Amino acid sequence: MNTSRQIKPDLFYIGASDRRLALFENMMPVPRGVSYNSYVLLDEKTVLLDTADNAVGAQFLENLQAVLAGRPLDYIIIHHVEPDHLALLEEVLLRHPQATVVCSAMAAKFIQQFFPTGLNVKTQAIKEGETLCTGKHTFTFVSAQMVHWPEVMVSFESEYHILFSADAFGTFGALGGNLYADEVNFDRDWLNEARRYYTNIVGKYGLQVQNLLKKAAGLDIQMICPLHGPIWRENLSYFIEKHDLWSRYEPEEKSAIVLYGSMYGHTESAATVVANKLGEKGFRDVRMYDVAATHVSYLVSESFRCSHIVLVAPTYNGGLYPPMENYLLDLKAHFLTGRTFGIVENGTWAPVAAKEIQKIFAEMKPNTIVEPIVTLKSAMKEEQLASVDQLVEALCQ
């Protein structure tokens, strides 16, 4: 059954959602699934803007056929060649071999790499600032290199003032009956997944996102059509400002998270003491996360959100507790900077967790580690509460 949606008189959404997907990129949990967005413009020339993932292939192709309603397909604009947006290109070309693929020169090369038998395709390489006129509509192309792949272009359609933003401004989560961000409670139901999407997929490339935001500031954007998640047609500044904060690595909130690893409960108990004292000192919405039980994508997202992070970790096999190490290495890979960290280590005979944490921090972007570093031996004792108080006081300052 055709599930396409009309966005404008001649512009249609033909994407689909995968609600069965467990791991995005076979790595990040997506408990609410994900959408693969694609669009069709019916102008004097017809245009398909990106394809979709194989998982939604049947629905996507049915939607495309229904919207074209017998018209030939003239252009296929490929903004980003990652397979969740490119996989169905061959299927589309089998049905519409006359179509011209419009993309960056690098994208044209990558397209052939993704199809081992090669594609017999007419390609029109496009550069930044160049345009494509389809009748009453004109697309202007803007380079978005390394947001988050090197071949990425976005396009600005001048009749409706729409930014087709590729993977920028995307969000985890399958779409329901509402296509637009203003039709849902975005803060409650979508913001956390938008942040987790950005921080884990694009977060490393803050400088490149800043470059794109500067280019976008010169355009009269009235709608954003991303490749994942809802479409933005109202209050665009809200979502753009979030991306500005994230890409500058500025904390979204003055708040604290306590991340802990604990084998038998003693380190978790110490983490709870720290969290309680942070709350008593005025930190709002203090959250605790077990690094062994929480997927690292959530931990990275929360680290971008908060200003203060306390690491409470045991020694393990003469080194750092592996899930904590995994988190810190992921944080290092995403270039997080400008946060204030506290450290509480635990070890029965030779605590080295703090030393190993500091080794990783020495290779990271600048962050602040406050003193004192609290060292526990097996379990927290009453006499150590004073050093925890000193740590919390230092975090408050």
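About the thresholds
- Going along each chain's sequence as written, the residues are numbered from 1 onward.
- Residue-level local features of this predicted model are given only where pLDDT is at least 70; pairs of side-chain atoms are given and counted only at 80 or more, and the full residue set underlies all totals for whole chains, interfaces and linings.
- Hydrogens and waters are ignored; side-chain quantities use all the structure's heavy atoms.
- Should DSSP find at least two bridges between two strands, the strands are taken to pair.
- Think of it this way: any DSSP run of H or I at least four residues long counts as a helix, any run of E at least two long counts as a strand, and we number them from the N terminus.
- Fitted lines through C-alpha atoms serve as axes, helices being fitted only where they are in contact, and the angles separating the N-to-C directions of these axes extend from 0 to 180 degrees.
- Residue contacts are counted whenever heavy atoms from the two residues lie within 4.5 Å of one another.
- Paired rings are identified among Phe, Tyr and Trp, the last through its six-membered ring, by centres lying within 6.5 Å, and are further divided according to the angle between planes into stacked (under 30 degrees), edge-to-face (over 60) and tilted (the rest).
- Note on criteria: charge over ring means Lys NZ or Arg CZ within 6 Å of the ring centre, with the direction from the centre no more than 35 degrees off the ring normal.

### Quick notes on the sheet that holds strand β15 (residues 162–164)
Read across the open sheet, the five strands follow the order β12-β13-β14-β15-β16; overall the sheet is mixed. Of all strands in the sheet, those with a lone pairing partner are β12 (131–133) and β16 (223–225), marking the two edges. Direction aside, the axes of adjacent strands within the sheet are offset by 20° on average. Pairing between β12 and strand β13 (residues 138–143): three bridges, direction antiparallel. Across the sheet, C133 pairs through a bridge with T138, a residue of β13.

### Some points on the sheet that holds strand β8 (residues 46–49)
The pairing of strands in a sheet comes from backbone hydrogen bonds and takes either a parallel or an antiparallel form. Spatial ordering of the open sheet is given by β1-β2-β7-β8-β9-β10-β11, a layout of seven strands whose pairing is mixed. The two strands at the open ends of the sheet, each matched to only one other strand, are β1 (5–8) and β11 (122–125). Taking each pair of neighbouring strands and ignoring which way they run, the sheet shows an average axis angle of 25°. Of the pairings in the sheet, the one linking β1 to strand β2 (residues 11–13) comprises three bridges and is antiparallel in character. Across the sheet, the residue bridging to R5 is Y13, located in β2. Sheet contacts for helix α1 (residues 57–68): β2, β7 (39–42) and β8; angle to β7, the most-contacted strand, approximately 10°. Where helix α4 (residues 105–114) meets the sheet, its contacts fall on β10 (100–103) and β11, and the angle it forms with β10 comes to roughly 125°.

### Focus on the packing of aromatic side chains
Enumeration over the complete set of coordinates arrives at 16 aromatic pairs. Taken together, the aromatic side chains of F169, F186, W232, Y238 and F239 make up a single cluster linked through ring pairs. The ring of W190 carries R32 above its face, with NZ or CZ at 4.5 Å from the centroid. A cation sits over an aromatic face here: R233 above Y180, 3.8 Å from the ring centre.

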